[in-house]
Amino acid sequence: MVPLVTGVCLAGAGVMAHGVRGRSSQLFGPSVWRGDSRRKAIALSFDDGPSESTPSFVEALRQHSVPATFFQCGANVRRLPDIAREVKAAGHEIGNHSDSHPLCSFRSANFIHQDFARAQRTFEDTLGITPSLMRAPFGVRWFGYPRMQEALGLMGVMWTVIGLDWKLPAADICERVLKAARNGAIICLHDGRGVATRPDATASLEAVKRILPALLERGYHFETITQILCPAT
Ligand SMILES: [Zn+2]
């Protein structure tokens, strides 16, 4: 028999794990993970850019006239400012994915605030925009998130399905995403790998090239995350 106190602790640990990584958790700040299930719309999002591969993703999206949301890291924007500008010029939405892509568990509230604030300044200086959406690196939120989000005016965005595209081949990424695709879904893929220089995003790009026509064929249309959360009509 499990002693009562152990059971309570286990339950507590479960709540904590959900709070840190759970896509629907509000424990560490306001967060969304899907749009309206009554609308046949899907939001495609990309994390960890801009990278040297990002222009190929922008081109794949352009071929299907599809908008997306790019959660970029401030350090990557400073390294590749012209590519960041290209993403914005193509009409895509840009969100804050931190500055240095740190794992924020056990980090101080001040550290978390400073990292996201530095990225916000980079978006303002380089792109002339102040993002209103953010995604936590590794999907891990922590105690400093609510204060940081409130101070910087950032809504947290998780996902309905994540492609695991940093480790799966293109065929498996497609299978995961297409199986989970539904009305209002927010799809998370990656056009970079953290703040790595010249990351290999081949599998992600190949998956995007297959996923886009497959979902358009099913009758979905694509929106930015702001559009899918706040439909105009
Ligand atoms: Zn990331």
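My aim in this report is to walk through the structure given alongside it, one point at a time. (Residues numbered from 1 in each chain as written. Predicted model: local features only at pLDDT ≥ 70, side-chain atom pairs only at ≥ 80, totals over all residues. Heavy atoms only, no water.)

1. A closer look at the nonpolar core
No. 1: Core analysis: the biggest nonpolar cluster contains 35 residues, and Ile-42, Leu-44, Phe-46, Leu-61, Ile-187, Leu-189 and Leu-215 have the highest contact counts within it.
No. 2: Broken down by secondary-structure element, the contributors of at least two residues to this core are strand 2 (41-49), helix 2 (54-63), helix 4 (81-89), helix 5 (109-127), helix 7 (170-180), strand 8 (186-190) and helix 8 (202-217).
No. 3: Here this core takes six residues from helix 8, the largest share from any one element.
No. 4: Setting aside its immediate chain neighbours within four residues, Phe-46 contacts Phe-57, Leu-61, Ala-68, Thr-69, Phe-70, Phe-71, Leu-189, His-190, Asp-191 and Val-208.
No. 5: Among the nonpolar cores identified, the runner-up in size contains 15 residues, and Trp-33, Trp-159, Leu-164 and Ile-186 belong to it. (Core = buried A, V, L, I, M, F, W, Y, C linked by side-chain atoms within 4.5 Å. Buried < 20%, exposed > 50% of the residue type's maximum accessible area, 1.4 Å probe, protein only. Helix = DSSP H or I, 4+ residues; strand = E, 2+ residues; numbered from the N terminus. Contact = heavy atoms within 4.5 Å.)

2. A closer look at the environment of Arg-147
No. 1: On the secondary structure map, Arg-147 appears in helix 6 (residues 145-152).
No. 2: Between the alpha carbons of Arg-147 and Arg-121 there is a distance of 17 Å; along the sequence they are 26 residues apart.
No. 3: Apart from residues no more than four positions distant in its own chain, Arg-147 is found in contact with Ala-109 and Asn-110.

3. Some remarks on the coordination of the zinc ion
Reference geometry at the metal: tetrahedral coordination by four donors gives ideal angles of 109.5 degrees; octahedral coordination by six donors gives 90 or 180 degrees.
No. 1: Only Asp-48 (OD), His-97 (NE2) and His-101 (NE2) from the protein reach the zinc ion as donors, at distances of 2.0 to 2.1 Å.
No. 2: Donor residues for the zinc ion, ordered by position in the chain, follow D-x48-H-x3-H. One end of the pair, Asp-48, is in strand 2; the other, His-97, is in the loop between strand 4 (93-96) and helix 5, with 49 residues separating them in the sequence. When sorted by exposure, Asp-48 lands in the same class as His-97, which is buried. (Donors = N, O, S within 2.8 Å, 3.2 Å for Na, K, Ca; no water.)

4. Regarding helix 6
No. 1: For helix 6, the full list of buried residues reads Tyr-145, Met-148 and Gln-149. Projected onto a plane normal to the axis of helix 6, the buried residues spread over an arc of 95° and lie on a single side. Residues of helix 6 that are exposed and point more than 90 degrees away from the buried face comprise Arg-147, Glu-150 and Ala-151.
No. 2: Among the structural elements, helix 5, strand 5 (133-134) and strand 6 (155-157) are those in contact with the buried residues of helix 6.
No. 3: Of the residues one or two after helix 6, Gly-153 is the one with positive phi, at around 65°. (Arc of directions from axis to C-beta.)

So, to be careful, I would describe these as geometric facts and stop short of saying anything about function.
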